[in-house]
Amino acid sequence: MGLWRWPWTRPGPSGFDGGSTAEEVTAGVDASHLTAIVTGATNGIGKETARVLALRGAKVIIPARTLESGLKVKESLADQVPESKLHVMEMDLSSLSSVRSFAESFNSSHEHLNILINNAGIMACPFQLSKDGIELQFATNHLGEYDIDHSCQ
Ligand SMILES: NC(=O)c1ccc[n+]([C@@H]2O[C@H](COP(=O)([O-])OP(=O)(O)OC[C@H]3O[C@@H](n4cnc5c(N)ncnc54)[C@H](OP(=O)(O)O)[C@@H]3O)[C@@H](O)[C@H]2O)c1
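Rules used throughout
Residues numbered from 1 in each chain as written. Predicted model: local features only at pLDDT ≥ 70, side-chain atom pairs only at ≥ 80, totals over all residues. Heavy atoms only, no water. Helix = DSSP H or I, 4+ residues; strand = E, 2+ residues; numbered from the N terminus. Buried < 20%, exposed > 50% of the residue type's maximum accessible area, 1.4 Å probe, protein only. Contact = heavy atoms within 4.5 Å. Polar contact = N/O pair within 3.5 Å; in protein donor to acceptor, adjacent residues only side chain to side chain. Near = heavy atom within 4 Å. Areas by Shrake-Rupley, 256 points an atom, 1.4 Å probe, with all protein chains shown as cover. Nonpolar A, V, L, I, M, F, W, Y, C, P; charged D, E, K, R; others polar. Core = buried A, V, L, I, M, F, W, Y, C linked by side-chain atoms within 4.5 Å. Salt bridge = Lys/Arg side-chain N within 4 Å of Asp/Glu carboxyl O. Pairing = 2+ DSSP bridges. Axes fitted to C-alpha atoms, helices over the stretch in contact; angles between N-to-C directions.

Would you take a moment to explain the environment of arginine 51 for this structure?
As for its placement among the helices and strands, arginine 51 is situated in helix α2 (residues 44-55). Take arginine 51: its relative accessible area is 13%, and that puts it in the buried class. Discounting chain neighbours no more than four positions away, the residues touching arginine 51 are Glu23, Leu77, Gln80 and Val81. Among the polar contacts made by the side chain of arginine 51, one reaches the side chain of glutamate 23 at a distance of 2.7 Å.

Right under this line is the structure:
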């Protein structure tokens, strides 16, 4: 278990709690037959999730707003998990056409999708419209993620 604990959480029936790490909850898991998409893997929680899935052997797709930012993360994760199977693909969640072209490309070049982690998101941003004329936070956190769920097989 990690050193720092949330003071108000208690372990559930699984034995894990809010302070449990991704490595702890996946200890002993062999994910080498699985393909995962982790949105928002260029930063924060998504990056750590992608790292641990790769550590457990999964093929991890990293959708990134720019190939440059995705490749930077891939390089950093590959340093930590040399045997990792990481694939960077371009995708801007706030653009429906970008999400659809990501999904088409995923469906034509990868096997079945086993795990979808819809982690990317923005919050409390100033009012702004997406390319499609939809409020940006709603377009990113809801419509984009929903579209991936429905378009990737
Ligand atoms: N951290 C918290 O305490 C907390 C609390 C409540 C909820 N959450 C939610 O948990 C999730 C992860 O949090 P975090 O702290 O790890 O977030 P973060 O560090 O801000 O990372 C957000 C990720 O989402 C990506 N993203 C944002 N807009 C995107 C778009 N239009 N297209 C593609 N990717 C996009 C970012 O990509 P770029 O690198 O291109 O910016 C980044 O990889 C978020 O949805 C956040 O709202 C977090």
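Continuing now.
I keep staring at the site of the ligand and nothing clicks. Help me out?
Residues in contact with the ligand amount to 15 residues; listed here are only the nearest, Thr42, Ile45, Arg65, Leu93 and Asn119. In the model, an oxygen atom of the ligand is placed 2.7 Å from a nitrogen or oxygen of the isoleucine 45 main chain. Burial of the ligand by the protein amounts to 62% of the accessible area it has alone, namely 900 Å². Of the residues in the shell around the ligand, the class split is 5 nonpolar, 8 polar and 2 charged.

What is the right way to look at the nonpolar core in this model?
Considering soluble globular proteins, one finds that nonpolar side chains tend to be buried as a cluster. Counting 14 residues, the largest nonpolar core has Val38, Ala50, Leu53, Val60, Ile62, Leu77 and Leu86 as its most contacted members. Contributions of two or more residues to this core are made by β1 (35-38), α2, β2 (59-64), α3 (67-80) and β3 (85-90). Residue contributions to this core peak at 3 residues, all from α2. When neighbours within four sequence positions are excluded, leucine 86 is seen to be in contact with Ala54, Val60, Ile62, Lys74, Leu77 and Ala78.

How should the pattern of salt bridges be read in this particular structure?
Pairs can form between side chains of opposite charge once their charged atoms are near each other. Across all of its chains, the model carries 3 salt bridges by this definition. Note that arginine 100 is salt-bridged to aspartate 147, the shortest N-O span being 2.9 Å. With arginine 100 in helix α4 (residues 96-109) and aspartate 147 in helix α5 (residues 136-151), the pair connects residues that are 47 residues apart, well separated along the chain. You can call arginine 100 partly exposed: its relative accessible area is 43%. By relative accessible area, which is 10% here, aspartate 147 ends up buried.

Can you help me understand the sheet that holds strand β4 (residues 115-117) in this one?
Backbone hydrogen bonds are what pair the strands of a sheet, in a parallel or an antiparallel way. Pairing in this open sheet of 4 strands is parallel, and the strands run β3-β2-β1-β4 from one edge to the other. At either end of the open sheet lies a strand with only one pairing partner, and these are β3 and β4. Within this sheet the neighbouring strands show an average axis-to-axis angle of 20°, counted without direction. Across 3 bridges, β1 lies against β4 in parallel orientation. Within β4, the residue paired with valine 38 across the bridge is isoleucine 117. The sheet contacts of α3 involve β2 and β3, and relative to β3 the element is tilted by about 170°.

No statement about biological role is implied by the geometric values presented.
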